[in-house]
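So the chains spell out like this:
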Amino acid sequence: MKIKSITPIAITIPLRQRIKMGGILYTESENLLVSVETQDGSVGWGEASSAPTMTGETIVSMVAAIKFLAPHLIGRDAPSFSKNMNLMDQLLYGNNSAKAALEIACYDVVGKVQKRSMSELLGGVNRDKISVLWMLAAGRLEADKEEAKKKVDEGFQSFKIKVGGNPVDEDIVRVKEIRNIVGISPQLSADANQVWNRVEAKKFVEETGDFLDFVEQPVMGDDLEGMKQITQASNVPIGADEGLHSIEDIVLHKERGAAEGGSLKMIKLGGVTKAFEAAELSKKLGMKVNLAGKVCETSVSSAAVTHLAAAIPQIEWGLSLTNQYAATDIVKNPMKISNGMITVPEGYGLGIEVDEEAVSRLKK
């Protein structure tokens with residue numbers, strides 16, 4: 001099953017509503033699509049968001065990375081996932097988001113040809129339904145309270161409050177108010193996207209520990225000593241996100257006592273295979289796992305992360321799907337959440353069908 005062509009496509013996705021993360025307000029997402037065609041004419045699709053503050057990649061650099069890598073992959077076996085990724089790593093340092101989009105497309109086309117789903121290619125389905133985490137990211141108490149009430153009524157049982165864009169005291173109030181709305185049972189977490197200093201982070205975890213199930217990336221990702229101090233000061237588990245870009249980072253956080261779990265993203269780790277390996281290692285180390293896409297992606301990437309969530313050993317901190325925040329999608333059978341749960345797509349590869357006319361409308 002030889003690769004015949006690799007095509008990068010830059011698109012801009014408008015958001016359903018404004019989302020505030022790390023103090024920055026987002027209204028759209030610049031994403032890379034990659035199509036991989038094999039010599040028999042089969043086509044697979046992959047996707048990744050540009051995330052300059054997380055991976056250092058922009059949409060321009062991602063397209064350039066694919067154009068650089070493509071000639072070296074033409075003629076290679078599409079199912080040789082690890083070998084192909086090793087070659088990409090040898091040829092080009094970093095650029096994990098671009099590599100992830102390309103590898104997702106390979107999993108999609110291989111699954112189509114072999115008549116297997118992506119989760120089957122990863123070893124099998126451990127769960128066919130996964131609880132989806134909903135972000136509360138308006139950054140304003142009344143708006144987040146209204147959103148929380150609506151999503152509880154829709155059946156969501158997992159929520160993440162985006163904090164750090166307001167004074168810490170205001171975020172503490174938001175957490176307590178939202179916990180009162182969602183009730184005791186639903187999982188409630190908070191994500192600061194590394195905005196706080198150590199003093200602010202300690203204050204937050206000390207005053208919200210009784211209301212949250214975990215707190216994600218309270219300080220800078222490379223501040224492992226700060227993460228350790230906050231973990232020690234907190235009675236709520238601390239998770240890493242921006243601090244996890246490799247298998248080695250997971251081990252380091254565990255050894256330093258800097259986190260009790262983490263958010264695994266294909267765009268950070270460099271693809272499907274590495275994210276799966278990271279999840280297996282997390283299970284071995286006793287670390288909790290959240291799987292996530294970057295806000296915001298279409299059903300292409302969301303299908304991929306759902307298959308990954310179905311195949312990994314455990315996902316105790318939920319699945320963050322992000323096509324739910326897109327104002328429009330590019331597939332004919334979008335990923336749909338029912339009663340707060342997502343069902344693993346049926347069919348081969350990713351189990352979605354890309355609408356190329358919709359892609360054309362979003363091209364940059």
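This text goes with the structure placed above it.
Everything numeric here is computed off the predicted structure, so don't read it as measured data. (Residues numbered from 1 in each chain as written. Predicted model: local features only at pLDDT ≥ 70, side-chain atom pairs only at ≥ 80, totals over all residues. Heavy atoms only, no water.)

(A) Just the environment of Ile267, in detail. Structurally, the position occupied by Ile267 is in helix α10 (residues 266–269). You can call Ile267 buried: its relative accessible area is 5%. Here the alpha-carbon distance between Ile267 and Ala98, two residues 169 residues apart in the chain, equals 7.6 Å. With residues up to four places along the chain from it excluded, the contact list for Ile267 reads Ala48, Ser49, Ala51, Met54, Thr55, Glu57, Asn96, Ser97, Ala100, Lys294 and Glu297. (Helix = DSSP H or I, 4+ residues; strand = E, 2+ residues; numbered from the N terminus. Buried < 20%, exposed > 50% of the residue type's maximum accessible area, 1.4 Å probe, protein only. Contact = heavy atoms within 4.5 Å.)

(B) Broad picture of the pairing of strand β10 (residues 261–264). Of the two faces of β10, the one holding Gly261 and Ser263 and the one holding Gly262 and Leu264 are both buried throughout. Pairing of strand β9 (residues 238–240) with β10, which is carried by two bridges, proceeds in the parallel orientation. Its bridge partner being in β10, Gly239 is matched across the sheet by Gly261. Each parallel crossover has a hand, and the one from β9 via helix α9 (residues 247–256) to β10 is right-handed. (Pairing = 2+ DSSP bridges. Right-handed = clockwise from strand over helix to strand, strands pointing away.)

(C) Broad picture of unusual backbone geometry. Along the chain, Val295 connects to Cys296 via a cis peptide bond; the corresponding omega equals 5°. Structurally, Cys296 is set in the loop between β11 (288–292) and α12 (299–311). Phi is positive for Asn95, which is not a glycine, with a value near 55°. As for its placement among the helices and strands, Asn95 is situated in the loop between α2 (81–91) and α3 (96–114). In the Ramachandran plot, Gln194 falls in the positive-phi region, its phi being about 60° despite a non-glycine side chain. Positionally, Gln194 belongs in the loop between β7 (187–191) and α7 (198–208). The class of Gln194 is buried, set by a relative accessible area of 15%.

(D) Molecular detail of the packing of helix α1 (residues 59–73) against α2. The geometry of α1 relative to α2 is characterised by a closest axis approach of 11 Å and an angle of 130° between their N-to-C directions. Our classification of the angle between α1 and α2 gives oblique. When you trace α1 past α2, the crossing you get is right-handed. Contact with α1, carried on its side by Phe68, Leu69, His72 and Leu73, involves Asn84, Leu87, Met88 and Leu91 of α2 and no other residues of that element. For the contact of α1 with α2, the residue count by class is six nonpolar, two polar and no charged. (Axes fitted to C-alpha atoms, helices over the stretch in contact; angles between N-to-C directions. Parallel < 35°, antiparallel > 145°, perpendicular 65-115°, else oblique. Left-handed = near helix turned anticlockwise from the far one by under 90°. Nonpolar A, V, L, I, M, F, W, Y, C, P; charged D, E, K, R; others polar.)

(E) Representation of the sheet that holds strand β6 (residues 158–162). Taking strand neighbours across the sheet as the criterion, the eight strands line up as β5-β6-β7-β8-β9-β10-β11-β12 in an open arrangement whose pairing is parallel. Since the sheet does not close on itself, it has two edges, and those belong to β5 (134–136) and β12 (319–320), each with one partner. Looking at chain direction, strand β8 (residues 214–216) and β9 are connected through two bridges and run parallel. Paired with Glu216 across the bridge in β9 is Gly239.

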